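One letter stands for each residue in the lines below.
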Amino acid sequence: MKNKLLSLFIISSMVVSLTACGAEQEKKPEAASGSAVSEASVEVTEAPAQEEEPEADDDNLIEDGSFDGDTAWAVFSTNGGAGSTSIEEGEMRVSISDTGDVEHGVQIYYDGFGMSEGTEYEFSFDARSTVDRTVSARVQMNGGDYHAYFLAPVELTSEMKTYSYTFKMEEASDPAPRLCFNMGMQDDGKQFKDHDVFFDNMRLVIKDDSGAVAQAEDEDVTGIRLNQVGYRPDDVMTAVYADVAIDSNSYKIVYAKSGEEVVELSMPDDTHSVTNPNADETDMEVDFSFISHMPKKGRFKLVAEDGTESPVFSIGEDIYDDLIKKAVKMLYLQRCGTALDKKYAGKYKHKKCHTEKATLYWDDSVKLDVSGGWHDAGDYGRYVVSGAKAAADLILAYDNYSKTKKKIIDNVGVPNSGDGVDDLLQEAKYELDWMLKMQSENGLVYSKVTCANFPGTVMPEDETEPLIISYTSTPATADFVAVMSLAARVFKSTNSSELKAAADKYLKAAKKSWKYLAKNPKVKGHTNPAGIVTGEYPDKKDRDERLWAAAELYRTTGDKSLISFIDDCASEVNMSGYGWLDCGGYGCYAALMDKKLKKSAPDTYKKIYDGFFKIVDEAAKTVESDDNPYGVNRTDTYEWGSNMGIANDGMMFLMASRISDSLAYNNDAQSQLDYLLGKNPTGYCFVTGFGTKSPKNPHHRPSQFKKKAMPGMLVGGVNNGLDDPYCENVLRDTPAAKCYADVDQSYSTNEVAVYWNSPLIFLLTVI
């Protein structure tokens, strides 16, 4: 997922009483609605000169609070704020060149500690400033609405003083909060330019834990892992016994509701345990497929001989139907620029949002209507490269299941359902029509439209900051050509007059952008403009996108002038890429499904075929290895958005089966789906609202605002890169394959995205 510097939310409407030593003060700092900010006592005294080295402070939750060496404190700046830190003569110096126009315009922060409910803490520090000013000291949630557990205004002068606060953690324990000082604009609107603030002797210690609330231990994830949604009668059905005691190698299948035994079975003689260091467990894979006396429909559980039970799973031909509807409907619920009615959106209804014209970043005199499209992820930005991948997945899914299964999907439960036109194509059209607005006059395509910062925990209509259109890029332009060419071809083949008319527009737009790309071979990548911290989606290469564009345009138009370009690009790109960054796999699939290319350029076709299947077969070898009980194309590395990568692998296997006109890789695709739906070391079904154990706290603004996870969303999943403060603090000693946290602070494992749902939809509908 895109690397995010989350913007901080200005909290409002709660009073904190502060009693100063020797004088009464009453301040009314802002706090999040409904947050439980602790009442605090404060003492301010003149700081004594340090004559001796301080003793070791083992109780201090802040590492090196005396600032004798390197510091773990960092700086966040936004809304015009600018600052930096340095260590000078045993003090931390914060150099502020501009406070910006919000309280958190400059913020210094410290992560890496935890707080327990019911515990009383003492927080103290020495501080001074080269200008008389007020800053805000806070201990806050490090995510969500960033509300404060404790906050206090700190009035600084040129004299070094000691500030001491005592407060109680009134909320549920937080293993990864943030300690920070907001040093931007003051409450009275006063702003400052060049000045310095100095800190020393920073301490956060437990004063009294006699009232600490005991925390429930994390749910034990050892046990039996399997696809918690279930299996069709003829599917390969496998489960992993993780650290489950096995003596006689027998197990039972029972009815989930009654517990009545269906059958008792013995494991095959070749069943064996493997050591799995990436999950720190011993695993045994059990195959319970094709059991002749198993019912063809029902809800069941596996029960090991030691009594360990699996999650409930279903068997039936229609087990994925509801999941498909919810996974597709998630895209509808991500629609921007339109009101979502309660009839279709339920509690996630919202008013029209982001309908105002957006300003070009480099020319504020130009404002464009770029309304529409999907909110990309847990925030409300809209991005061409990720949107193109998501729309393409839907169209390719339709192109497969409509031909092989002779059906359409027209029952998702959105306004256009039941009109005789496939819901996936109509949802893709909503995104593509927005993308048309992102095409500039010369054919280049703007990369994204967002506000300057990520929003707080608000519904989309309440994000009202100015919309900014970011730079154009050639990767975005090539993606645009590819998906428009694909849509033009597929839409033209339908019986819908609306889709046929759209096809003509899309092909015209694709040709216009290709004309620019053909004349301008130099890469024009995208990076965030100064002052914009929303998702960057940086890409410095575009040969993979150009391959995809040329292959789709050739397949749609038959223009033979594109063949040499396809041949050149195919020699340079990763043929397994199906993400926003690497699209080479899409280009290979388009080329290999084209009979014209096979006939007109057999050498080019063979080169692509051999390269593509070399990658597919290597992945299949990993998936099918006896030492890989979870059956995914991963060894010891799980990247940010690994669930998308695993879904993409499943999509690749299904594409390989289609190209080779066989079912050889279908079981490998099923393994990827099984992992996503529960057969993985975490024990989670990674789709919200499905399975026995699923994410309840995704990093997704509407879900956070409504305090209930929107169903049908695939979360990012395991990420042993620990790319957010929560994971870095809480999961640092966790085995690689279990680095996942179901908390909304963990944007690197628990965010959602339309282009993560889209390969899941492909898997569910094509498999």
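One can find the structure itself at the top, above this paragraph.
Residues numbered from 1 in each chain as written. Predicted model: local features only at pLDDT ≥ 70, side-chain atom pairs only at ≥ 80, totals over all residues. Heavy atoms only, no water.

## Quick notes on the overall build of the chain
Phase 1 of the analysis: Looking only at helices and strands, the chain has 17 helices and 29 strands in total.
Phase 2 of the analysis: Computed over the C-alpha atoms, the radius of gyration of the chain is 28 Å, within 12% of the 27 Å expected from 2.2 N^0.38 for a compact globule of 767 residues.
Phase 3 of the analysis: Within the chain, the proportion of its 767 residues that are buried is 60%.
Phase 4 of the analysis: Long-range pairs, those at least 24 residues apart, make up 72% of the contacts in the chain between residues at least 6 apart in sequence.
Phase 5 of the analysis: Per element, the accessible surface of the chain, about 30,600 Å² overall, is 46% carbon and sulfur.
Phase 6 of the analysis: Separation of charge centres in the chain, based on 80 positive and 123 negative side chains, amounts to 13 Å. (Helix = DSSP H or I, 4+ residues; strand = E, 2+ residues; numbered from the N terminus. Rg over C-alpha atoms; globule rule 2.2 N^0.38 Å. Buried < 20%, exposed > 50% of the residue type's maximum accessible area, 1.4 Å probe, protein only. Contact = heavy atoms within 4.5 Å. Areas by Shrake-Rupley, 256 points an atom, 1.4 Å probe, with all protein chains shown as cover. Lys, Arg positive; Asp, Glu negative; His and termini not counted. Charge placed at Lys NZ, Arg CZ, Asp CG, Glu CD.)

## A look at the pattern of salt bridges
Phase 1 of the analysis: Counted by the stated rule, this structure contains 27 salt bridges.
Phase 2 of the analysis: Between Arg93 and Asp196 there is a salt bridge whose closest N-O contact spans 2.8 Å. With Arg93 in strand β6 (residues 91–99) and Asp196 in strand β13 (residues 195–208), this residue pair connects regions lying 103 residues apart in the sequence.
Phase 3 of the analysis: We note a salt bridge from Asp504 to Lys492, for which the minimum N-O separation is 2.7 Å. Separated by 12 residues along the polypeptide, Asp504 in helix α6 (residues 497–519) and Lys492 in helix α5 (residues 474–492) bring together distant segments of the chain.
Phase 4 of the analysis: Taking the relative accessible area as the measure of exposure, Asp504 reaches 46% and is therefore partly exposed.
Phase 5 of the analysis: Connected via shared salt-bridge partners are Glu88, Arg93 and Asp196. (Salt bridge = Lys/Arg side-chain N within 4 Å of Asp/Glu carboxyl O.)

## Points about the pairing of strand β7 (residues 106–110)
Phase 1 of the analysis: A large share of β7 lies buried, amounting to 5 of its 5 residues.
Phase 2 of the analysis: Pairing of strand β4 (residues 74–77) with β7 involves 4 bridges; the strand directions are antiparallel. The residue bridging Phe76 from the neighbouring strand is Gln107, located in β7.
Phase 3 of the analysis: Of the pairings in the sheet, the one linking β7 to strand β12 (residues 178–182) comprises 4 bridges and is antiparallel in character. Its bridge partner being in β12, Tyr110 is matched across the sheet by Leu179. (Pairing = 2+ DSSP bridges.)

## Structural notes on the side chain of Ser310
Phase 1 of the analysis: Within the secondary structure, Ser310 sits in the loop between β21 (298–304) and β22 (313–315).
Phase 2 of the analysis: Using a relative accessible area of 5% as the deciding quantity, one classes Ser310 as buried.
Phase 3 of the analysis: In this structure the side chain of Ser310 is engaged in a polar contact, spanning 2.9 Å, whose partner is the backbone nitrogen of Leu302. (Polar contact = N/O pair within 3.5 Å; in protein donor to acceptor, adjacent residues only side chain to side chain.)

## A short note on the sheet that holds strand β19 (residues 273–276)
Phase 1 of the analysis: In spatial order, the strands read β14-β16-β20-β19; together these 4 strands make up an open sheet with antiparallel pairing. The open sheet has two edge strands with one neighbour each: β14 (223–225) and β19. Across this sheet, the average inter-strand angle for adjacent strands is 30 degrees, counted without regard to direction.
Phase 2 of the analysis: Sheet analysis places β19 next to strand β20 (residues 281–287), joined by 4 bridges and oriented antiparallel. Paired with Thr275 across the strands is Thr282, a residue of β20. (Axes fitted to C-alpha atoms, helices over the stretch in contact; angles between N-to-C directions.)

## Quick word on helix α11 (residues 602–623)
Phase 1 of the analysis: Spanning 22 residues, α11 covers 31 Å between terminal C-alpha atoms, matching the ideal 32 Å at 1.5 Å per step.
Phase 2 of the analysis: Of all the positions in α11, only Thr604, Tyr605, Ile608, Gly611, Phe612, Phe613, Val616, Ala619, Ala620 and Val623 are classed as buried. (Expected span 1.5 Å × (residues − 1).)

## A few points about the packing of aromatic side chains
Phase 1 of the analysis: Under the definition given, this model contains 43 aromatic pairs.
Phase 2 of the analysis: Ring plane angle 65 degrees and centroid distance 6.0 Å describe the contact between Tyr755 and Trp756, whose orientation is recorded as edge-to-face. With respect to class, Tyr755 is no different from Trp756; both count as buried.
Phase 3 of the analysis: Three or more aromatic residues joined by ring pairs make a cluster, and in this case those are Trp73, Tyr110, Phe113, Tyr121, Phe123, Phe125, Phe150, Tyr163, Tyr165, Phe167, Phe181 and Phe199.
Phase 4 of the analysis: Note that Arg128 overlies the ring of Phe198, its terminal NZ or CZ placed 3.9 Å from the centroid. (Phe/Tyr/Trp six-rings, centres within 6.5 Å; stacked < 30°, edge-to-face > 60°. Lys NZ or Arg CZ within 6 Å of the ring centre and 35° of its normal.)

## Brief notes about the nonpolar core
Phase 1 of the analysis: The biggest cluster of nonpolar side chains holds 162 residues, and the ones touching the most others in it are Ile395, Leu432, Phe491 and Phe612.
Phase 2 of the analysis: Apart from the residues lying within four places of it in its own chain, the contact partners of Leu432 are Ala391, Ile395, Val483, Met484, Ala487, Phe491 and Tyr506. (Core = buried A, V, L, I, M, F, W, Y, C linked by side-chain atoms within 4.5 Å.)

## Notes on the packing of helix α3 (residues 384–404) against α5
Phase 1 of the analysis: At a minimum axis separation of 9 Å, α3 and α5 run at an interaxial angle of 20 degrees. In terms of their interaxial angle, α3 and α5 are classed as roughly parallel. Pair α3 / α5 crosses with left-handed handedness. On α5, the residues touching Val384, Val385, Ala388, Ala391, Ala392, Ile395, Leu396, Tyr398 and Asp399 of α3 are Pro475, Ala476, Asp479, Val483, Leu486, Ala487, Val490 and Phe491. (Parallel < 35°, antiparallel > 145°, perpendicular 65-115°, else oblique. Left-handed = near helix turned anticlockwise from the far one by under 90°.)

## Quick look at a negative patch on the surface
Phase 1 of the analysis: Side chains of Asp234, Glu317, Asp318 and Asp321 sit close together on the surface and give a patch of like negative charge.
Phase 2 of the analysis: Note that Asp321 resides in helix α1 (residues 321–333).
Phase 3 of the analysis: Among the residues examined, Asp321 registers a relative accessible area of 41% and is labelled partly exposed. (Patch = residues over 30% accessible without salt bridge, like charges linked within 9 Å, V, L, I, M, F, W, Y side chains within 5 Å.)

## So, the environment of His104
Phase 1 of the analysis: With respect to the element layout, His104 can be found in the loop between β6 and β7.
Phase 2 of the analysis: By relative accessible area, which is 6% here, His104 ends up buried.
Phase 3 of the analysis: C-alpha of His104 to C-alpha of Val135: the two residues are 31 residues apart in sequence and 9.6 Å apart in space.

## As for the sheet that holds β21
Phase 1 of the analysis: Pairing is mixed in the open sheet, where 5 strands are placed in the order β15-β22-β21-β17-β18. The open sheet has two edge strands, β15 (230–231) and β18 (261–266), and neither has a second partner.
Phase 2 of the analysis: Both β21 and β22 contribute to a ladder of 3 bridges, which runs antiparallel. By the bridge assignment for β22, Gly298 is matched with Ile315.

## What about helix α9 (residues 584–592)?
Phase 1 of the analysis: Burial analysis of α9 places 9 of its 9 residues in the buried class, which makes it a mostly covered element.
Phase 2 of the analysis: Within α9, burial applies to Gly584, Gly585, Tyr586, Gly587, Cys588, Tyr589, Ala590, Ala591 and Leu592.
Phase 3 of the analysis: In this fold, the buried residues of α9 make contact with α3, α7 (543–557), α10 (595–600), α11 and α12 (642–660).

## A word on the state of the cysteines
Phase 1 of the analysis: Considering all chains together, one arrives at 0 disulfides under this definition.
Phase 2 of the analysis: Not engaged in a disulfide, the cysteine Cys451 finds its nearest cysteine sulfur in Cys336; these two sulfurs lie 9.7 Å apart.
Phase 3 of the analysis: In this structure Cys569 is not part of a disulfide, and its nearest cysteine sulfur, from Cys588, lies 11 Å away.
Phase 4 of the analysis: On the basis of relative accessibility, which here comes to 0%, the residue Cys569 falls in the buried class. (Disulfide = S-S within 2.5 Å.)

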